Amino acid sequence: MAMEGGMKCVKFLVFVFNFIFWVCGVALIAIGIYAQLALDKTLAVSSASASSTPVAILVLGVIIFFISFFGCCGAWKESYCMVTTFAVLLSIIFLVEIAAAIAGYVFKDKVRSVLEEGLWDAMRKYGEDEPLTQAVDELQRDFACCGANNYTDWATIEGFKVNNTVPRSCCRNATVASCNVRPSPATVYEKGCLQSIEAWMKKNILIVAAVALGIAFFEILGIIFACCLMKGIRSGYEVM
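Scoring rules and cut-offs
- Residues numbered from 1 in each chain as written.
- Predicted model: local features only at pLDDT ≥ 70, side-chain atom pairs only at ≥ 80, totals over all residues.
- Heavy atoms only, no water.
- Helix = DSSP H or I, 4+ residues; strand = E, 2+ residues; numbered from the N terminus.
- Buried < 20%, exposed > 50% of the residue type's maximum accessible area, 1.4 Å probe, protein only.
- Contact = heavy atoms within 4.5 Å.
- Areas by Shrake-Rupley, 256 points an atom, 1.4 Å probe, with all protein chains shown as cover.
- Patch = residues over 30% accessible without salt bridge, like charges linked within 9 Å, V, L, I, M, F, W, Y side chains within 5 Å.
- Salt bridge = Lys/Arg side-chain N within 4 Å of Asp/Glu carboxyl O.
- Phe/Tyr/Trp six-rings, centres within 6.5 Å; stacked < 30°, edge-to-face > 60°.
- Expected span 1.5 Å × (residues − 1).
- Bend = angle between axes of the 7 residues up to and from the residue.
- Disulfide = S-S within 2.5 Å.

Describe the overall build of the protein, with residues and values.
Within the protein, the secondary structure is distributed over 8 helices and 0 strands. Across the protein, helices and strands are ordered from the amino to the carboxyl terminus as α-α-α-α-α-α-α-α. Taken over 240 residues, the protein has a buried fraction of 38%. Sequence separation of at least 24 residues holds for 71% of the intrachain contacts in the protein that already meet a minimum separation of 6. For the protein, the accessible area works out to roughly 13,400 Å², and carbon and sulfur atoms hold 69% of it.

What follows is the structure, encoded as structure tokens:
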């Protein structure tokens, strides 16, 4: 009887965990959408590898969302196969998240270089590719920045070097007609977009880290509870 009572408790905990895990999946989906929208113009001027990050977060959230539903069904039906599959999938996701965190730390400088390369490529194509030109303009206005590293970067671009100008999106006060001619820190944004984007990422990384740690904690609990339930089902105890 004590064992059966314990298994009832485990089954209840599996349900509670899966609800929390489902919420974590929804949170990841929300973060992925937020990152995609907030960095829309940044991703437009970056390479495919940089732009895939928000999509990866979104996909992970969707996967977690469905796995939590799978876990609920396995606990409800007391299916050893379903609960085992749930535990295995959860373990794989946990290992993938650890690998992704390690890779993110190891290649953090690579991400910076990819972003910088994307910004320079967009600047070289400025005026030739209309969607890219609009993306650069909106990026510079939204982040109050100019160029990749600073406003003098535009002096290396052919279309702006000959007449000593910068795009009007660099202007501190765009209502002034000649604000982009012979630019100086008084008339245009001095800080580069690379620095501004990095500052934005550092500001928001704490939110992502907190969510990731919370999800990892509940994943470990879920694996433990699932293993306990698997043991109870296999032993033939009635857990209803």
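With reference to specific residues and values, describe a nonpolar patch on the surface.
Residues Leu 95, Ile 98, Ile 102, Tyr 105, Val 106 and Phe 107 make up a contiguous nonpolar surface patch of about 650 Å² in total accessible area. Structurally, Val 106 can be placed in helix α4 (residues 80–106).

Residue-level account of unusual backbone geometry, with values.
In this structure, Asn 164 takes a positive phi of about 55° despite not being glycine. Inspection of the secondary structure assignment puts Asn 164 in the loop between α7 (158–161) and α8 (193–235). Even without being a glycine, Arg 182 presents a positive backbone phi close to 45°.

Before we move on, could you go through the environment of Glu 190 and cite the residues and values that matter?
Following the sequence through the fold, Glu 190 ends up in the loop between α7 and α8. When its relative accessible area of 43% is taken as the criterion, Glu 190 is described as partly exposed. The spatial distance from the C-alpha of Glu 190 to the C-alpha of Cys 170 is 8.6 Å, given a sequence separation of 20 residues. Ignoring sequence-local partners within four residues, the contact set of Glu 190 consists of Asn 150, Tyr 151, Arg 172 and Pro 185.

With reference to specific residues and values, describe the packing of aromatic side chains.
All told, the structure shown has 4 aromatic pairs when counted by the stated rule. Ring geometry for Tyr 126 against Trp 154: centres 5.3 Å apart, planes inclined by 75°, an arrangement best described as edge-to-face. With Tyr 126 in the loop between α5 (108–124) and α6 (130–142) and Trp 154 in the loop between α6 and α7, the pair connects residues that are 28 residues apart, well separated along the chain. By relative accessible area, Tyr 126 is classed as buried at 18%.

An account of α8 is requested, with residue identities and associated values reported.
Here α8 spans 61 Å end to end across 43 residues, near enough to the 63 Å set by a 1.5 Å rise per residue. For α8, the principal kink sits at Asn 204 and spans about 35°.

Please provide a residue-by-residue account of the environment of Gly 222, values included.
Tracing the chain through its elements places Gly 222 in helix α8. In this structure the C-alpha to C-alpha distance between Gly 222 and Val 16, which are 206 residues apart in sequence, comes to 9.5 Å. Setting aside its immediate chain neighbours within four residues, Gly 222 contacts Phe 17, Phe 86 and Leu 90.

Break down the state of the cysteines for me, with residues and values.
Two cysteines, two sulfur atoms, one covalent bond between them: this is a disulfide. Counted according to the given criterion, the structure contains 3 disulfides. Covalently, Cys 145 is tied to Cys 193 through a disulfide, its sulfur atoms 2.0 Å apart. Here Cys 145 and Cys 193 share a disulfide; its torsion about the S-S bond, 85°, makes the bridge right-handed. Of this pair, Cys 145 sits in the loop between α6 and α7 while Cys 193 sits in helix α8; the two residues are 48 residues apart in sequence, bridging distant segments of the chain. A relative accessible area of 2% places Cys 193 in the buried class. What pairs with Cys 146 in a disulfide is Cys 170, and their sulfur atoms sit 2.1 Å apart. Disulfide Cys 146-Cys 170: torsion about the S-S bond near 85°, hence right-handed. With a gap of 24 residues between them, Cys 146 in the loop between α6 and α7 and Cys 170 in the loop between α7 and α8 connect regions that are remote in the sequence. Note on accessibility: Cys 146 and Cys 170 belong to one class, buried.

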